[in-house]
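# Working through the structure, step by step
Here is how the chains run, residue by residue.
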Amino acid sequence: MRKPIIAGNWKMNVLPGQAVELVRRLWADISGYDAVEVVVCPPCVDLPAVSEFMRSGDIRIGLGAQNMHWKESGAFTGEVSPTMLLDLGATHVIIGHSERRQLFGETDQGVNRKVKSALSFGLVPIMCVGETLKQREAGETEGIITGQVNCGLFELGPEEVPTVVVAYEPIWAIGTGKAATAGDAQEVTGMIRSVLSGQFGQQAAESVRIQYGGSVKPDNVSEIMSMPDIDGALVGGASLEADVFARIVKFS
Ligand code: 13P
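Report follows, based on the coordinates.

Definitions and limits used
- Starting from 1, residues in each chain are numbered consecutively following that chain's sequence as written.
- The model is predicted, so local features are restricted to residues of pLDDT at least 70 and side-chain atom pairs to those at 80 or more, both for listing and for counting; the totals for chains, interfaces and linings are taken over all residues.
- Just so you know, side-chain values use all the structure's heavy atoms and leave hydrogens and water out.
- In DSSP terms, a helix is any run of H or I states spanning at least four residues, a strand is any run of E spanning at least two, and both are numbered starting from the N terminus.
- Radius of gyration: C-alpha atoms only; globule rule: 2.2 Å multiplied by the number of residues to the exponent 0.38.
- Each residue's exposure class comes from its accessible area (1.4 Å probe, protein chains only) as a fraction of the maximum for that residue type: buried when under 20%, exposed when over 50%, partly exposed otherwise.
- Whether a residue is near a molecule or strand depends on its heavy atoms: if one lies within 4 Å, it is near.
- For the purposes of these results, a polar contact is taken to be a pair of N or O atoms within 3.5 Å, where, inside protein, one atom must be able to donate a hydrogen and its partner to accept one; residues adjacent in sequence count only when each atom of the pair is a side-chain atom.
- Gly falls in the polar group here, along with every residue not listed as nonpolar (Ala, Val, Leu, Ile, Met, Phe, Trp, Tyr, Cys, Pro) or charged (Asp, Glu, Lys, Arg).
- Think of each axis as a best-fit line through the C-alpha atoms, taken over the contacting stretch in the case of a helix, with angles from 0 to 180 degrees between the N-to-C directions.
- These descriptions rest on fixed angle ranges, namely under 35 degrees for roughly parallel, over 145 for roughly antiparallel, 65 to 115 for roughly perpendicular, and the rest for oblique.
- Crossing handedness: left-handed means the near helix sits turned counterclockwise from the far one by under a right angle, and right-handed means the same turn made clockwise.
- Working rule for contacts: check all heavy atoms of both residues, and any pair within 4.5 Å makes them a contact.
- Strands qualify as paired when DSSP identifies two bridges or more between them.
- Look down the strands so they point away from you; if going from the first strand over the helix to the second traces a clockwise path, that crossover is right-handed.
- For this analysis, a nonpolar core means a set of buried residues of the types Ala, Val, Leu, Ile, Met, Phe, Trp, Tyr and Cys, connected via side-chain atoms within 4.5 Å.
- A helix is expected to reach a length of 1.5 Å times the quantity of its residues less one.
- Think of it as the arc spanned by the lines of direction from the helix axis to the C-beta atoms.

### Overview of the overall build of the chain
Counting its regular elements, the chain contains 11 helices and 8 strands. Relative to the 2.2 N^0.38 estimate, which gives 18 Å for 252 residues, the radius of gyration of the chain is 17 Å and therefore close to what a compact globule would have. Seen through its principal axes, the chain has C-alpha atoms that stretch 45 × 45 × 35 Å. Counting over 252 residues, the chain shows a buried share of 52%.

Spelled out as structure tokens, the structure:
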């Protein structure tokens with residue numbers, strides 16, 4: 001049984017004090033509800049305050065970063081290492097979000113290095129894949145997604161793969177208010193699972209959780225979550241309001 005995982009990606013929004021307040025309100029709405037694993041991914045500078053607040057209040061929500069470097073330390077100006085994230089209380093890390101791929105030149109090879117590094121340091125990688133509208137319209141979705149999954153998870157052992165969370169985020173659905181239909185999302189997430197099966201075997205593939213992301217809202221989450229190969233959601237805008245995100249978490 002795959003436990004659903006719903007994560008909020010707060011992107012470059014929310015100051016530390018606001019992040020703590022958001023977590024406080026979210027927990028007030030969802031404490032005692034454990035059908036879903038919940039993760040929030042604030043900006044890196046918010047992690048210490050949020051982590052301390054969660055620890056002192058016994059708040060059981062996962063804490064994710066939005067990116068990391070693959071090396072533990074070194075001359076990498078402006079970067080943050082996996083051990084630094086662990087020290088700040090992070091449990092998860094988003095890797096290869098389309099905004100990082102498109103705006104900051106992240107490659108599949110870099111994504112692969114980061115996924116391997118996260119696993120080796122005990123962080124759960126949430127690896128994002130997704131096609132552009134142009135690629136979808138050109139019928140390239142399957143090839144693009146297959147390439148991103150194969151490269152991103154290159155050289156992982158079948159025993160490591162079940163820890164990875166794959167987030168399918170079609171770029172045309174991010175921040176547009178136009179989510180993929182549940183059927184379209186299932187088609188691609190089902191395809192991702194068969195790619196995983198080909199790469200790592202059926203048993204490993206069956207235990208990987210695959211999220212959908214892109215304009216997830218309280219009114220579309222339950223249909224999306226009802227799909228057989230969708231085990232969670234990666235939520236942007238709608239995770240910035242505690243009550244809205246809580247409704248998404250409690251979708252069923
Ligand atoms: P929206 O939910 O705002 O479309 O963002 C999705 C996303 O990019 C999550 O990582």
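### A word on the site of the ligand
Around the ligand sit 13 residues, and of these Lys 11, His 97, Gly 175, Ser 215 and Gly 237 come closest. Glu 169 is positioned such that a nitrogen or oxygen atom in its side chain is 2.9 Å from an oxygen atom of the ligand. A distance of 2.8 Å separates an oxygen atom of the ligand from a polar atom in the backbone of Gly 237. Taken together, the residues that form the shell around the ligand break down as 4 nonpolar, 7 polar and 2 charged.

### A look at the packing of helix α1 (residues 16-30) against helix α11 (residues 242-249)
Close contact between α1 and α11 brings their axes to 9 Å; oriented N to C, the two are set at 40°. Between α1 and α11, the angle is such that the two are oblique. Relative to α11, the crossing made by α1 is right-handed. Where α1 abuts α11, its residues Leu 22, Arg 25, Leu 26, Asp 29 and Ile 30 lie against Ala 242, Asp 243, Phe 245, Ala 246 and Val 249.

### Remarks on the environment of Arg 193
Within the secondary structure, Arg 193 is located in helix α8 (residues 182-200). Here Arg 193 falls in the buried class, since its relative accessible area comes to 5%. On a C-alpha basis, the gap between Arg 193 and Ala 90 in space is 27 Å, while along the polypeptide they are 103 residues apart. Excluding residues within four positions of it along the chain, Arg 193 makes contact with Arg 2, Ala 205, Glu 206, Val 208, Ile 210, Asp 229 and Asp 231.

### Concerning the pairing of strand β2 (residues 37-41)
Note on strand geometry: in a regular strand, side chains alternate between the two faces of the sheet. Counting buried positions along β2 yields 4 of 5 residues, so the element is predominantly enclosed. Inspection of the sheet shows strand β1 (residues 5-9) paired to β2 by 5 bridges, in the parallel sense. Across the sheet, Ala 7 pairs through a bridge with Val 39, a residue of β2. Here β2 runs beside strand β3 (residues 62-65); their pairing, made up of 2 bridges, is parallel. Bridge assignment links Val 39 to a residue of β3, and that residue is Gly 62. Viewed along the sheet, the connection from β2 through helix α2 (residues 47-56) into β3 turns out right-handed.

### Let's talk about the nonpolar core
Membership of the largest hydrophobic core comes to 71 residues, with the highest contact counts inside it found for Ile 61 and Ile 192. When residues of this core are assigned to their parent elements, the largest contribution, 8 residues, is made by α8. Once you skip the residues sitting within four places of it in the chain, Ile 61 turns out to touch Val 23, Leu 26, Trp 27, Ile 30, Val 38, Val 39, Val 40 and Met 54. Counting 11 residues, the second-largest nonpolar core is a separate cluster that includes Ala 7, Val 39, Val 124 and Ala 167.

### As for α1
The first and last C-alpha atoms of α1 sit 21 Å apart over 15 residues, in line with the 21 Å expected at 1.5 Å per residue. Among the structural elements, β2, α2 and α11 are those in contact with the buried residues of α1. In the stretch just after α1, Gly 32 is the one whose phi turns positive, near 90°.

### Structural notes on helix α7 (residues 141-152)
In an α-helix, one full turn covers 3.6 residues, which means residues spaced three or four apart are oriented alike. Counted at 1.5 Å a residue, the expected span for α7 with its 12 residues is 16 Å, and the 16 Å between its end C-alpha atoms agrees. Within the sequence span of α7, burial applies to Thr 141, Ile 145, Gln 148, Val 149 and Gly 152. Across the axial projection of α7, the buried residues extend over an arc of 95°, all falling on one side. Pointing more than 90 degrees away from the buried face of α7 are the exposed residues Glu 142 and Gly 143. Packing partners of the buried residues in α7 comprise α4 (98-104), α5 (108-121), β5 (124-129), α6 (133-137), β6 (165-168) and α8.

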